[in-house]
Number of protein chains: 6
Amino acid sequence: MSRTPMVATSEAVLAGGVIAQGLGYVNAWKGKTVVVKFGGSVLDVGAGGAGGSTIAEDLVLLKGAGINAVLVHGGGPEITRMLERLGKPSKFVHGLRVTDAETMEVVEMVLAGRANKSLVSAITQAGGRAVGLSGKDGRMLLARKYEADVDLGQVGEVEAVDPALVRTVSVDGYIPVIASIGIGRDGTSYNLNADTAAGALAVAVGASKFILLTDVDGVYRDPDAAGRADHEARTLISELRAAEAEAMTRDGTISRGMIPKVGACLDAIRGGVPSAHIINGTVPHALLVELFTERGIGTMLTP
Amino acid sequence: MSRTPMVATSEAVLAGGVIAQGLGYVNAWKGKTVVVKFGGSVLDVGAGGAGGSTIAEDLVLLKGAGINAVLVHGGGPEITRMLERLGKPSKFVHGLRVTDAETMEVVEMVLAGRANKSLVSAITQAGGRAVGLSGKDGRMLLARKYEADVDLGQVGEVEAVDPALVRTVSVDGYIPVIASIGIGRDGTSYNLNADTAAGALAVAVGASKFILLTDVDGVYRDPDAAGRADHEARTLISELRAAEAEAMTRDGTISRGMIPKVGACLDAIRGGVPSAHIINGTVPHALLVELFTERGIGTMLTP
Amino acid sequence: MSRTPMVATSEAVLAGGVIAQGLGYVNAWKGKTVVVKFGGSVLDVGAGGAGGSTIAEDLVLLKGAGINAVLVHGGGPEITRMLERLGKPSKFVHGLRVTDAETMEVVEMVLAGRANKSLVSAITQAGGRAVGLSGKDGRMLLARKYEADVDLGQVGEVEAVDPALVRTVSVDGYIPVIASIGIGRDGTSYNLNADTAAGALAVAVGASKFILLTDVDGVYRDPDAAGRADHEARTLISELRAAEAEAMTRDGTISRGMIPKVGACLDAIRGGVPSAHIINGTVPHALLVELFTERGIGTMLTP
Amino acid sequence: MSRTPMVATSEAVLAGGVIAQGLGYVNAWKGKTVVVKFGGSVLDVGAGGAGGSTIAEDLVLLKGAGINAVLVHGGGPEITRMLERLGKPSKFVHGLRVTDAETMEVVEMVLAGRANKSLVSAITQAGGRAVGLSGKDGRMLLARKYEADVDLGQVGEVEAVDPALVRTVSVDGYIPVIASIGIGRDGTSYNLNADTAAGALAVAVGASKFILLTDVDGVYRDPDAAGRADHEARTLISELRAAEAEAMTRDGTISRGMIPKVGACLDAIRGGVPSAHIINGTVPHALLVELFTERGIGTMLTP
Amino acid sequence: MSRTPMVATSEAVLAGGVIAQGLGYVNAWKGKTVVVKFGGSVLDVGAGGAGGSTIAEDLVLLKGAGINAVLVHGGGPEITRMLERLGKPSKFVHGLRVTDAETMEVVEMVLAGRANKSLVSAITQAGGRAVGLSGKDGRMLLARKYEADVDLGQVGEVEAVDPALVRTVSVDGYIPVIASIGIGRDGTSYNLNADTAAGALAVAVGASKFILLTDVDGVYRDPDAAGRADHEARTLISELRAAEAEAMTRDGTISRGMIPKVGACLDAIRGGVPSAHIINGTVPHALLVELFTERGIGTMLTP
Amino acid sequence: MSRTPMVATSEAVLAGGVIAQGLGYVNAWKGKTVVVKFGGSVLDVGAGGAGGSTIAEDLVLLKGAGINAVLVHGGGPEITRMLERLGKPSKFVHGLRVTDAETMEVVEMVLAGRANKSLVSAITQAGGRAVGLSGKDGRMLLARKYEADVDLGQVGEVEAVDPALVRTVSVDGYIPVIASIGIGRDGTSYNLNADTAAGALAVAVGASKFILLTDVDGVYRDPDAAGRADHEARTLISELRAAEAEAMTRDGTISRGMIPKVGACLDAIRGGVPSAHIINGTVPHALLVELFTERGIGTMLTP
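A quick note: this is a predicted structure, and the numbers were derived from the prediction, not measured.

It is not clear to me how the side chain of Asp-195 of chain B should be interpreted in this structure. Could you clarify?
Residue and element names in this part refer to chain B. Take Asp-195: it is sitting in helix H6 (residues 194-204). Overall, the relative accessible area of 6% leaves Asp-195 in the buried class. In this structure the side chain of Asp-195 is engaged in a polar contact, spanning 2.8 Å, whose partner is the side chain of Lys-37. Apart from residues lying up to four places away in sequence, Asp-195 is in contact with Lys-37, Phe-210, Leu-212, Lys-261 and Ala-264.

Below, the structure written as structure tokens:
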């Protein structure tokens, strides 16, 4: 099992350069906190955990390098499937799931019981130590009913965040994995939007970065670019100032499913998080490339 | 809102005596750990949490008095109900639920997603800070397949316990609430007997007491005494040495559902826990009476 | 030596309720400091220590429950007896003992040498760890001559309190027992009023409660009520605002020996102590009943 | 208020040499503990404290230099005077005061109430922080009845020493001043020999030196030398091995009052104290000269 | 100053893989200590510091990643040049510089005054915090005269290593830079072989790796391979067990200047250092490539 | 090897008085920092280190007594000698050495390599633990080019002081020995005036005293007094207010070589150092006499 050394060739020189650059970032982010949102269509929680994604491995490497990684997740498609099995159709208003008491039970079981613990398994298998939590634990995500023109049931919005529990387990070497469920002042469970909850948590823990893993490469100048690979490189936006993002939302360049994602990023930035990133979670080690190279891989929003 | 003082009457003298005795026990258990198993038929997790029980309030009072309370729970009846809703009949062999992959998903959802978070809500409402966990979190309950004469699927037995996470959150003021699910070396989830898991955890955290909350008053000399209130007091056993309990199990005095409970107690005692208690969780503040009065309320097993 | 369990009867339910309430208070007072003044006619220091009182036991229970108990004591009657034995009559002006140098020697010997060490013995016998101190130790009670219309000799008043020594020994698990003797800037010993000294100390250590143990039940609306048991309950005042107490002192409702006691309580309250209590130290566990029940036993003064 | 510098003269050179030597010793004893016994005929506790002695000042300087000074004292002559005033004659058997209950009360009052607090005053006046204690405080000197051929009453001998309280107050910057009174398992007070008690305490606190201040210069080869100044220098023994001291006790060279003093020193040395010193407490700064010069001033006993 | 993101191309995938592997090593070496020897012909200390080498930058990156880097250096050529300027020829016996008192002065000036401080400047310029030391500081390298058949003057060998100072400054975030000069028990300076001194220090600080930076690629099977680039790759040895290295030294495969280098490595390994590496310090970032890639770049010796 | 005790003679009394006074100062300076400047004509660094001076021994005694001693040194004469050996004449403008690149190399070698390490040896031999540093280490003395009417080359002035490294090694028990060399923002070495550098360091470390060791006794009223011993005592100034010193500098009473010394003292005082002292380093233990006696030995400047 002998090593095959690189000798003094261009290969070694190249590797040396990449490592030197990466170490510089390790040094810069060490001791900092990075809140990662994972879920939506990327999350395909099978028996094996994170469904082929390198997210578990990447989080373990981040933690090992001294960066406090915090994972927040939702799990919409899985909830829909379970409701179907129980013979209960999913109903959405303004993109939000109408959540009656029975639906909330299923949401809580699927998110906090199944998706959450699958991610814990995946991180454990990747060599890390994970703690699966929901926003109810340690009263982390205090929520209230989201008031809309129609009654959405137990759909909630974050009222306050208590980051103490995240800090406690982070300091002790665990990666917190948090299901986007909130708790009301009277103990009621609330179904929270995971992007928004993750952004609020990033602000509360004083995160240095907030990273949204999605299934597209980022924000495009040409909203129809997604799916056409050759075109993407030219229209993907690498860096975006908050003001530009707001303008692009108003003029429709940012549209549909990207609106709440960009919105969560903007909330994080306004709350003091120095940068928020929307990247493609299906690319292996996308998280590492975004964090540890100068060029990055997706769209970075800054104040 | 004026107080009505007791003046120097027998009432005050009586109260003084009770408090003096109770404080003596507070002093004795302070800084110690008490592992409480709650569940089975006692656990009726409705929307309100702990179903009329004072368990949540009692745990908060224990924690407030400087005693590290740890709660372990199962949730069999609830699992059966959910499986029924999904059109999947429950099958038991030797009293153990045959757990195929699909059943395990439901077990995990109900225990870690629903029962667990309901208890967290209940403790939060009682003024405490709770963290809902499963044995997978922090790789707390490492499990392996339970080998029986028939294949029971993902029924597991505890292989090793890592108490680090329980200590981390306990030290920081949280009450850990733990669903009896284990994790295999390959990341597989296992369905664990909650009594046994709780006993193993009591040993691993170095608990000073292990308390099983059930729906009977304890161990009876006359196994048919349960249910006949006038008779119970005469045959309920207050203190039981481990050797006696073993003999009573062999001769059939301890029988049926009491066998695994006494077994979990004996395992805890053999592992070094100084005393294990089987008490009636339906009596208000049963936990406090057992811990803070000389007479107690149920059966105490000692080495 | 078998336990006699309470089974599921009203007895257990009652005990559970009392303990639950008491634990709530334990939690509330934990880590707080309670300064207790004991002495005057209650203090009958025989060979056995605290003369039948449960004060030593109560202090040990408080300390055990995590409450920092501090005991301050005087010892007038004992001083008078010793002076008599030495053929020296006691002389009082305005209720204050005229204290020439020879008398001061006796005061110091009786208070710091005899009463103090007897209380230390009593607490030690009750299972606690006590440290007997005077206000000279650690220059705790810096005093100056009390200037009156006649020369009272070494009668002093507190000029400043240094609580450092009380904190040092309290933190280390000891109950400080403090004789009411002060030290002047030139090293002179001063005879201090114990009620006043205790109140000043309560302020300096940031006590949460100041409790005066006397031989009456508290403050009465009808000053002639004392001694007539049936009448007392109706006229004993349970709660008293500082302003009311001041008014009652002016109009004579509070009179004679109760004046300096209420005065010490008012000083403590004005100095920031949230509540001051005058209770009957001859009732067993009066201290515990006052602290750990909602109803209490004597008179509580609040700002 | 201009300084008068020494310029580069022999005066400065001499001072430099003395200081250099002294600092070497400061460095050597820093952080170490020195138990000093003061009392007997040297102690003349007047209103002013340490009766002209520099002991208070010396202890404050030691403490300031980082050496943990602990003072133990008796007070025989003062006890005798107080008993006389109370019309109670002192009775001695084998040099021990027969101590009935009434005598013990006086012993405790005089030692713990008067001598002790006078020394506290003296140290306070010298700029230090002192805490006056007895062997009853913190159950420091656990004692039992001394069994002799005649009943000596409450004369005790040390059974065990708990040095915790001495450490607590020493670490916090106080000089503990300890009256030689013990406490029995049942709370009884015992009259202890101060030399013996001091030696036992020196062992228990792990003292580096045990110093007995007396009114003679040390141990003489010629027991009749004391009092004849010109002769003393030739016969005073500077260093004495334990074995020699034992031989000299057997052959009568060490006799009368010196026997218990040498005995206390030998006990300390056998208990692990590296050196014990008998020096003349009436010489100003004798303690400093013995500790900080190579030549010393009295007799040093070594193992 | 817009970023040019990598999009989801093979480039990003490749970078992700390299970073993932590197982070794994960062995690593995974090908190560990790596002793690096730099010098001989590699060291060309001009005004700019480390003469074009990336050593300063690499050490700063290591330190930033939580690895305790320690640099040891010699400086033979520079010493020779300075001696020449002073008109004093260098004389070598068995490859060791004959070091009379005058030569030793020059050795100390050049190594501790010039080479050392140039390296400190270089590390400072690279963004790190460095402390230049010699083996005399903190009595780090206690040395004695090296006894040979001819008198070599102040040539020394390491007698004992005190790693305390290295730990003090390392823990506080500094990179220690150590000139290979020793101090005798009598304060004499000794000229030490830098390879040997570095190996001894690696053992004493409990280093996880000892790395010798030279101007060849490592150990070759064919000792004549050096200098012929095409041939090197085939004969360079990637991993070498201690026993093999010893055999190769005996049979002459390892010869000339490589003997003391391999010897220092073997000493380090025998002293408990898990691996020692001989690599080419002229390749940019050679240190990083050896530490953070699986393949490495030079020869790794293991037990 | 018997001690010769002092018995109760005037000798002991005298020694006791000196020690008592000295201990008072030990107590006062304990935990404080004293920056000592040593060098110029006093420094004669031979093989033996500090050339007969007691400076090394005095620093070790100070450190042992809990005073943080910091030594700063220059080394002009030695630099001149080395330059001569290299055939390079020294050139001075306004008393400052014109320092071209080649000269700077020699300055660095002599100061940081030779003088510095000789002092480290001397302190080590005196029983202390020393760390030789320059102002480049830990970027302690950030410097910039000193701009004068003529180009002085690498003569620098202190721009900022980072005292972190001095604190790190001081706290850990080492005596820092610092050569007066600074580092520019671009890594350039600068030749600093040692008096000025020492004064700036005294301010930055929050020193309680700044002591300049010279070869005269201090500041004289009559500038011609030096050298005439009998006259000195009368004209040496013991205490000097900053304002007076400024006036005396303006009117010429302070002249020549004393100007920069008094200037460094004034800078230290203006920066918050409570007192600065100019004393005669050739008098044995001058440092101790100045610090530990009331009269002192040289000139003390105060605000």
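Teacher, can you tell me more about the sheet that holds strand E12 (residues 239-241) of chain B here?
Picture the strands of a sheet paired through backbone hydrogen bonds; they go either parallel or antiparallel. All names here are of chain B. Here we have 8 strands laid out as an open sheet, ordered E5-E8-E2-E1-E11-E13-E14-E12, and mixed in their pairing. The open sheet has two edge strands with one neighbour each: strand E5 (130-134) and E12. Recorded for the sheet is a direction-independent mean angle of 20 degrees between the axes of neighbouring strands. Across 5 bridges, the pairing between E5 and strand E8 (residues 175-179) is parallel. Within the sheet, the bridge partner assigned to Ser-134 lies in E8 and is Ala-179. Against the sheet, helix H2 (residues 55-64) makes contact with strand E1 (33-38), strand E2 (68-73), E8 and strand E11 (209-214), and its axis sits at roughly 150 degrees relative to E2, the strand it touches most.

I tried to follow the sheet that holds strand E5 (residues 130-134) of chain A on my own but got confused; where do I start?
Residues and elements named next belong to chain A. Read across the open sheet, the 8 strands follow the order E5-E8-E2-E1-E11-E13-E14-E12; overall the sheet is mixed. This sheet does not close on itself; its edge strands, each paired only once, are E5 and strand E12 (239-241). Sheet twist, expressed as the mean angle between neighbouring strand axes with direction ignored, is 20 degrees. Pairing of strand E13 (residues 275-280) with strand E14 (residues 299-302) involves 3 bridges; the strand directions are antiparallel. The residue of E14 that forms the bridge with Ala-276 is Leu-301. Across the sheet, helix H8 (residues 242-250) lies against E12 and E14, angled at about 85 degrees from E12, the strand it touches most.

Any chance you could explain the packing of helix H8 (residues 242-250) of chain E against helix H9 (residues 258-270) of chain E here in plain terms?
Geometry of a packed helix pair, given as the angle between the helix axes and the separation of the axes. Residues and elements named next belong to chain E. Closest axis-to-axis distance for the H8/H9 pair is 11 Å, and the angle between their directions is 150 degrees. Regarding the angle of H8 to H9, the classification is roughly antiparallel. Two packed elements cross with a definite hand, and for H8 against H9 that hand is left-handed. Contacts between H8 and H9 involve Ala-242, Ala-245, Glu-246 and Thr-249 on the former and, on the latter, Ile-259, Val-262, Leu-266 and Arg-270.

Quick question: what am I supposed to make of the packing of aromatic side chains here?
What describes a pair of aromatic rings is the distance from one ring centre to the other and the angle between the planes of the rings. Evaluated as defined, the whole model comprises 6 aromatic pairs over all chains. Sitting over the ring of Tyr-174 of chain C, Arg-129 of chain C keeps its end group 4.1 Å from the ring centre.

Conventions used here
- Residues numbered from 1 in each chain as written.
- Chains lettered and ligands numbered in written order.
- Predicted model: local features only at pLDDT ≥ 70, side-chain atom pairs only at ≥ 80, totals over all residues.
- Heavy atoms only, no water.
- Helix = DSSP H or I, 4+ residues; strand = E, 2+ residues; numbered from the N terminus.
- Buried < 20%, exposed > 50% of the residue type's maximum accessible area, 1.4 Å probe, protein only.
- Polar contact = N/O pair within 3.5 Å; in protein donor to acceptor, adjacent residues only side chain to side chain.
- Contact = heavy atoms within 4.5 Å.
- Pairing = 2+ DSSP bridges.
- Axes fitted to C-alpha atoms, helices over the stretch in contact; angles between N-to-C directions.
- Parallel < 35°, antiparallel > 145°, perpendicular 65-115°, else oblique.
- Left-handed = near helix turned anticlockwise from the far one by under 90°.
- Phe/Tyr/Trp six-rings, centres within 6.5 Å; stacked < 30°, edge-to-face > 60°.
- Lys NZ or Arg CZ within 6 Å of the ring centre and 35° of its normal.

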